[in-house]
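# Structural overview for review
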Amino acid sequence: MFFLVSNSRVVRSKGFEEMFGAFEILAEKYTNLYLIVVGNGYDFAHYQERAKHMKKGNRIKFMGSRLDMPQILKACDIFWFPTHFEGSPGVVIEAMVCKLPIISTNIPSITENLVNGENA
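In this report, we go over the structure that sits alongside the text. (Residues numbered from 1 in each chain as written. Predicted model: local features only at pLDDT ≥ 70, side-chain atom pairs only at ≥ 80, totals over all residues. Heavy atoms only, no water.)

## Considering the overall build of the protein chain
Put simply, the rule reads: Strands here mean DSSP runs of E at least two residues long; helices mean DSSP runs of H or I at least four residues long; both are numbered from the N terminus. Throughout, the radius of gyration refers to the C-alpha atoms, and the reference size of a globule is 2.2 Å times the residue count to the power 0.38. A 1.4 Å probe rolled over the protein chains alone gives each residue an accessible area, and that area as a share of the maximum for its type sets the label: buried under 20%, exposed over 50%, partly exposed in between.
What the protein chain contains, in helices and strands, is 5 helices and 5 strands. Sequence-ordered secondary structure for the protein chain, helices as α and strands as β, is β-α-β-α-β-α-β-α-β-α. Computed over the C-alpha atoms, the radius of gyration of the protein chain is 13 Å, within 12% of the 14 Å expected from 2.2 N^0.38 for a compact globule of 120 residues. Projected onto its principal axes, the C-alpha positions of the protein chain cover 35 × 30 × 25 Å. Counting only residues that meet the buried cut, the protein chain has 43% of its 120 residues in that class.

## Quick word on the environment of Pro70
Within the fold, Pro70 resides in helix H3 (residues 69–75). When its relative accessible area of 44% is taken as the criterion, Pro70 is described as partly exposed. Each C-alpha atom of the pair Pro70 and Cys98 lies 7.1 Å from the other, and the pair is 28 residues apart in sequence.

Here is the structure:
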């Protein structure tokens, strides 16, 4: 199994539409791919419902808010953070500390911490 993990407020502005759309495409090609969604937010129920209607939505696991993120990150393969905007990306730094490859949006507050091909 191969685990993608996202850790943020579960709201549209954090890129969940794009992430779920991309996951639908990837999950068709990679049968062992799973998405772990960590966090809560006002769109949490919406995305749980959306996953129920996706062909491979049973491979999206919603974990809610967690206090054991280092352990979760270490158990996953890639950190995914498609946010539309971000101030200080603490979750990206956490993923870096856990030495996870990172897929993220190309916005300055995030890309100043990432080097394509090295940690992103």
